[in-house]
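Coordinate analysis (summary)
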Amino acid sequence: MKGIFSALLVPFDDQGRIKEQGLREVIRNNIDVQQVDGLYVNGSSGENFMLTTDQKKKIFEITHEETNGAVKLIAQVGSINLDEAVELGKYATELGYDSLSAVTPFYYKFTFDEIKNYYETIIEATGNNMIIYAIPALTGVSMSLEQFDVLFQNEKVIGVKYTDGNFFMLERLRKKYPNKLIYSGFDEMLIYGAVSGVDGAIGSTYNIHGNLAKQIFEMVQQGEVASAYEVQHVMNDIIEKVLELGLYQTLKEILNVKGIDAGTVKQPMSSFDPAKREAVEKLVRDFNL
Ligand code: NAY
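Residues numbered from 1 in each chain as written. Predicted model: local features only at pLDDT ≥ 70, side-chain atom pairs only at ≥ 80, totals over all residues. Heavy atoms only, no water.

Okay, the UniProt feature "binding site: pyruvate" (unreviewed entry) in the protein next. According to UniProt, the feature "binding site: pyruvate" (unreviewed entry) maps to Ile202 in the numbering used here. Among all residues touching Ile202, those that are not within four sequence positions of it are Phe5, Ala7, Tyr40, Ile74, Lys161, Tyr183, Ser184, Gly185 and Asp187. (UniProt positions renumbered as here; feature names shortened; annotations may be inferred. Contact = heavy atoms within 4.5 Å.)

If you want it as structure tokens, here you go:
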């Protein structure tokens with residue numbers, strides 16, 4: 001379960017339907033070209049929170065079939081509809097996903113006891129392992145070290161996907177929990193996570209440059225931090241441009257330029273602006289993506 005995981009992008013057509021063949025192409029690119037160690041399925045980058053339960057199941061199913069055991073699979077099943085989270089958790093577990101993950105419940109100001117109960121309910125119903133998905137910038141849920149402590153007491157909670165820039169907290173978690181899996185969540189900060197001793201990283205941009213992420217991660221593990229920093233500079237030049245042009249739309253358009261059918265994003269996100277196509281083509285050329 002260690003290493004670089006792509007937060008899998010999902011191609012949609014302009015009616016919001018999943019492009020199955022395109023999804024298979026995105027998966028193959030991740031495995032065969034980027035050579036990532038695993039896929040994080042139905043996360044933010046998969047536009048999960050805009051999908052129906054059936055669409056989420058379909059994505060779990062296609063991904064499981066296409067990967068056919070080649071890489072590790074984490075199923076993000078979190079939902080503020082706990083019944084849906086349980087249903088998806090059972091579904092992914094039956095398919096054989098290596099672990100579940102669930103975003104902290106959001107929108108309503110849930111108490112910590114409610115958050116704890118949410119995780120315990122999914123774990124109990126599925127019997128599968130759980131990786132907490134902490135992303136305070138999007139959920140507004142910022143857990144304290146003491147609260148992580150409580151969740152980590154459950155041995156089925158095997159780790160956390162830590163999408164935050166609080167490296168003091170990350171260091172504290174690492175020291176206290178050498179045996180829990182910690183995944184770094186912001187691609188532009190990968191090197192800092194790697195230096196902090198994370199077990200891996202999960203990110204959207206690894207769909208287009210997972211190979212660079214692997215280099216950074218491996219260099220840091222071999223003590224070659226200065227070289228890793230050079231690669232992070234390159235990765236961040238790409239990420240900076242992607243963020244400027246629009247995150248998911250641009251990641252998909254980069255794949256489209258390369259001949260991988262990544263489709264478009266799901267409404268209410270607005271589709272890629274064709275006026276930006278030239279800038280994307282230049283990005284692909286300049287960085288040999
Ligand atoms: C997810 O579930 O897809 C993720 O959270 C992956 C982490 C990404 N966060 C979001 C909100 O997309 O890869 C990051 C992020 O896109 C990247 O660092 C660019 O900011």
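Having seen the model, we can carry on.
Further remarks concern the nonpolar core. Within the largest apolar cluster, 94 residues are counted, with the highest numbers of intra-cluster contacts made by Ile122, Ile132 and Phe148. It is helix α9 (residues 206–221) that provides the largest number of residues to this core, a total of eight residues. (Core = buried A, V, L, I, M, F, W, Y, C linked by side-chain atoms within 4.5 Å. Buried < 20%, exposed > 50% of the residue type's maximum accessible area, 1.4 Å probe, protein only. Helix = DSSP H or I, 4+ residues; strand = E, 2+ residues; numbered from the N terminus.)

Looking now at the UniProt feature "binding site: aceneuramate" (unreviewed entry) in the protein. Sites flagged by UniProt as "binding site: aceneuramate" (unreviewed entry) map to Ser44, Ser45, Thr163, Gly185, Asp187, Glu188 and Ser204. By secondary structure assignment, the location of Asp187 is in the loop between β7 (181–184) and α8 (190–195). With relative accessibility at 3%, the residue Asp187 sits in the buried group. Apart from residues no more than four positions distant in its own chain, Asp187 is found in contact with Ile202, Gly203, Ser204, Thr205, Tyr206, Gln232, Met235, Asn236 and Ile239. Reaching out from Asp187, the side chain makes a polar contact with the backbone nitrogen of Ser204 at a distance of 3.4 Å. Here Ser204 lies in the loop between β8 (200–203) and α9. (Polar contact = N/O pair within 3.5 Å; in protein donor to acceptor, adjacent residues only side chain to side chain.)

On to the site of the ligand, then. The ligand sits among 19 residues. The nearest are Ser45, Tyr133, Glu188, Ser204 and Tyr248. Measuring from an oxygen atom of the ligand, one finds a backbone N or O atom of Ser44 at 2.8 Å. Separating an oxygen atom of the ligand from a side-chain N or O atom of Tyr133 is a distance of 2.4 Å. Relative to its unbound accessible area of 460 Å², the ligand is 94% covered by the protein chains. At the level of elements, β8 and α11 (247–257) are the ones that each hand at least two residues to the shell around the ligand. When the residues that make up the shell around the ligand are grouped by side-chain class, the tally is 10 nonpolar, six polar and three charged. (Near = heavy atom within 4 Å. Areas by Shrake-Rupley, 256 points an atom, 1.4 Å probe, with all protein chains shown as cover. Nonpolar A, V, L, I, M, F, W, Y, C, P; charged D, E, K, R; others polar.)

The next thing to look at is the packing of aromatic side chains. Inspection of the entire model under this criterion finds 10 aromatic pairs. Plain terms: the ring middles of Phe60 and Tyr97 are 5.3 Å apart, the flat faces sit at 70° to each other, and that makes the pair edge-to-face. With Phe60 in helix α2 (residues 53–67) and Tyr97 in the loop between α3 (82–95) and β4 (99–103), this residue pair connects regions lying 37 residues apart in the sequence. Each member of the pair, Phe60 together with Tyr97, is buried. An angle of 65° between the planes, with centres 5.9 Å apart, marks the rings of Phe167 and Tyr192 as edge-to-face. Pair noted here: Phe167 is in helix α7 (residues 167–176) and Tyr192 is in helix α8, with a separation of 25 residues, a long-range link. (Phe/Tyr/Trp six-rings, centres within 6.5 Å; stacked < 30°, edge-to-face > 60°.)

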